[in-house]
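Residues per chain are reported as follows:
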Amino acid sequence: SSFIARTNTCGELRSAHVGQKVTLYGWIQYQRQGLFLVLRDFQGLTQIIIPQDEAHSHVKQLLSNAPVESVVRVTGIVSLRPPGQENLKMPTGDIEVKVETAEVLNSCKKLPFEIKDFIKKSETLRMQYRYLDLRSFQLQYNLRLRSQIVMRMREYLCNLHGFVDVETPTLFKRTPGGAKEFLVPSREAGKFYSLPQSPQQFKQLLMVGGLDRYFQVARCYRDEGSRPDRQPEFTQIDIEMSFVDQSGIQRLIEGLLQYSWPEDRSPITTPFPSMTYEEALADYGTDKPDTRFGMKIVDISDFSQRLGIHFVQNALSYPHGTVKAICIPQGMRYLRNKDFESLKEAARSQFNQEIVDIICRPDGSLKSLLTKFLGQEQQSELIQVLKMQVDDVVLLAAGEHKRVCSALGSLRLESADLLEAAGLVLRDPAVFHFLWVVDFPLFLPKEENPTELESAHHPFTAPHPSDTSLLYSDPTKVRSQHYDLVLNGNEVGGGSIRIHNAELQRFVLEKVLKEDSEVLSHLLDALEFGAPPHGGIALGLDRLISLIVGAQSIRDVIAFPKSFRGRDLMGNAPDYVTAEELEPYHIQVSWPVAEAEAKKN
């Protein structure tokens, strides 16, 4: 309560304060028949007793008539609640404040929704009245915890490890590859700034400038349109170091997270486990595996080779052909036929992959389309290979390796959702499983044109030292020095060791990616002036905090987020501007006919 007129907050009064005269400020959470009200501020709740005697009639009238969520000041004496009226659910539940004087500082008009965490509110309404939604205890907790974690991160990086906090420009130029960037017009005809999707080039240039260790709580921008649980503007903990290797970055981040980890959450242990990209894809069907539960993908190609089943043999005859499966524990007990049909349809529609199910009956026999091809001995061997128990259900897929793994990885997560919806707990939200995924491919075929390549991470990522020669002969086989940090199946960080040689960087841009290197001439020039070896990482702060607090969406850990479609529903942005305002930027808007007619009217 320093610097202001209140003596205490609404969450700190206890029986030790009995007899003290206090002044509280806050919002009226609840009022009952002119007898008492509950006052709320950022720290908690206090019960306020409204005086009933004639001498304080004006106070009674003032507080009794004040609408819920009005802002008031009350002064009174702290007293113990009458025996039997204590509220054990409130930290201040042993006491109450008997009011002597009060003032309504601002009355509240009719609310669009109640300010209570248990009241369900539509997302649109919450976004439209975000300043009211922010009064909820959950959002208050989320934002304050976020602030505390960021402060601890600053302490760890700056005070303990000599990092320099540097603010990099928001107005820059277009970067080749990666996500789409927002454009900002300039007063020079035809010239635009871009809002950076990350401070990537600047932090590398800071290493060339000799700063050695950089960090920033960086605002980043990506024009990704309507994507679930993404924001057009977001926050990264951005880090870069000189003379560092991959293990050095990993040790730094493990220490950073351990130092800043909230005390009221399950502790995390270091070092974090690590697996290669190929291992993650083969065992979990994704490059961001959730390792809190089993149901790993099992390769049964060798076993299947001996079965003589036509569609299996056909799949294995192709390059990268494979037969793999996942086992859903107690699937027959918890799931219904429609669930299995839904899983198979999802594999067809999303991955063009057929799935065969195998059920282990109570008598230990198998039920499947495959059983007519299998003798009793082969069925027993299949049960052993897949480690099946009674009532387990296996989903089997045959085909091209990456497609099969991706399909089964997706079905693994969908099956977990279905099992948990039916009451089987697989993924404890209070448990935090961090994982490093390493040895990604340096390049991937472009989706729209598979004969061309794009960077799997970004064009500044260095190739794996063992694969550098392949860069000139077969770039598709080159592994990168890129590493991702995964938490409970969500990517929360990504980084790499960078290319610090101008000739190599120019070759990657021009020969492999077919990009115009002139756009990056400033960076290429800098790399020729004694650039040190360097690497870094960026942690997605919004995603990390949302996982720590168990939020349903990253919007619940951002004070003023955008909607699913990237709109600010509170301020109604983006908005139209007049032709006169656009004139200095040499821009004219070409309206679709229907929209132009609507604007006229």
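Residues numbered from 1 in each chain as written. Predicted model: local features only at pLDDT ≥ 70, side-chain atom pairs only at ≥ 80, totals over all residues. Heavy atoms only, no water.

1. Here we look at the layout of surface pockets
The criterion, for reference: Buriedness of a pocket was judged along seven lines, with at least five required to meet protein on both sides within 12 Å; pockets are open sets of points on a 1 Å grid over the protein atoms alone, cavities are sets where a 1.4 Å probe fits but cannot get out, and lining residues have an atom within 4 Å of a point. Grid points are joined across faces, edges and corners, and a volume is the space filled by probe spheres set on the points. Helix and strand definitions follow DSSP, with helices as H or I runs of at least four residues and strands as E runs of at least two, each counted in order from the N terminus. For this scheme, ten residues count as nonpolar: Ala, Val, Leu, Ile, Met, Phe, Trp, Tyr, Cys and Pro. Four count as charged, namely Asp, Glu, Lys and Arg, and the remainder, Gly too, count as polar.
Space inside the second largest pocket adds up to approximately 850 Å³. If one sorts the elements of the lining of the second largest pocket by residue count, strand β7 (residues 183–185) sits on top with three residues. In the lining of the second largest pocket, the residues fall into 17 nonpolar, four polar and nine charged.

2. Here we look at the pattern of salt bridges
For the record, the criterion: Whenever a carboxyl oxygen of Asp or Glu lies within 4 Å of a side-chain nitrogen of Lys or Arg, that contact is scored as a salt bridge. The rule is simple: take the accessible area with a 1.4 Å probe, protein chains only, and divide by the maximum for that residue type; under 20% is buried, over 50% is exposed, in between is partly exposed.
In total, this model carries 34 salt bridges according to the counting rule given. Taking the shortest distance from any N to any O, the salt bridge between D165 and R154 comes out at 2.4 Å. Of this pair, D165 sits in strand β6 (residues 164–165) while R154 sits in helix α4 (residues 137–161), and the two are eleven residues apart along the sequence. The exposure class of D165 is partly exposed, given its relative accessible area of 35%. A residue is classified by how much of its surface remains accessible, and R154, at 27% relative accessible area, is partly exposed. The partner of R219 in a salt bridge is E233, and the shortest N-O contact between them spans 3.2 Å. Note that R219 is positioned in strand β9 (residues 213–221) and E233 in strand β10 (residues 233–242), a separation of 14 residues in sequence.

3. A few points about unusual backbone geometry
A cis amide bond, omega 0°, links T270 with the succeeding residue P271. The residue after A573, namely P574, is reached through a cis peptide bond having omega 5°. Located in the positive-phi region is D212, a residue other than glycine, with phi close to 75°. Looking at the element boundaries, D212 is found in the loop between α5 (200–208) and β9. Positive phi values are uncommon outside glycine, yet K387 reaches one of about 55°. Relative to the elements of secondary structure, K387 occurs in the loop between α12 (376–386) and β16 (393–400).

4. Looking at the nonpolar core
Generally speaking, soluble globular proteins have nonpolar side chains that are buried together. Selection criterion: Here the nonpolar core consists of buried residues drawn from Ala, Val, Leu, Ile, Met, Phe, Trp, Tyr and Cys, with membership extended through side-chain atoms lying within 4.5 Å. A contact between two residues is defined here by any heavy atoms of the two lying within 4.5 Å.
I239, I253, L257, F434, L485 and L539 are the most contacted members of the largest nonpolar core, which totals 39 residues. Setting aside residues no more than four positions away along its own chain, I239 makes contact with L157, F163, K203, Y214, F215, L252, I253, L256, R498, G536 and I537. Of all hydrophobic cores here, the second largest spans 23 residues; its members include L307, I358, L374 and L382.

5. Some words on the pairing of strand β17 (residues 434–438)
As a reminder of what qualifies: At least two DSSP bridges between two strands are needed for those strands to be called paired.
Here β17 lies mainly inside the structure; five of its five residues are buried. Along β17, one buried face is formed by F434, W436 and V438 and the opposite face, lined by L435 and V437, is buried too. Direction of pairing for β17 relative to strand β20 (residues 482–487): antiparallel, over a ladder of four bridges. Among the inter-strand pairings, V437 is bridged to a residue of β20, identified as D484.

6. Considerations on the domain arrangement of the protein chain
Under the convention used in this document: For each domain, the first and last residues come from an automatic or database assignment.
Structurally, the protein chain comprises domain 1 (15–106), domain 2 (141–275 + 434–556) and domain 3 (293–422). Just the C-alpha atoms count here: the centres of domain 1 and domain 2 sit 51 Å apart.

7. Section: the pairing of β16
Residues in a regular strand project their side chains so that they alternate between the two faces of the sheet. Most of β16 sits inside the fold, with seven of its eight residues counted as buried. Taken together, the eight bridges between strand β13 (residues 321–328) and β16 define a ladder with antiparallel strand orientation. In the strand pairing of β16, V323 is matched with A398. Relative to β16, strand β14 (residues 356–360) runs antiparallel, the two sharing four bridges. Residue V356 lies in a different strand from β16, and its bridge partner there is L396.

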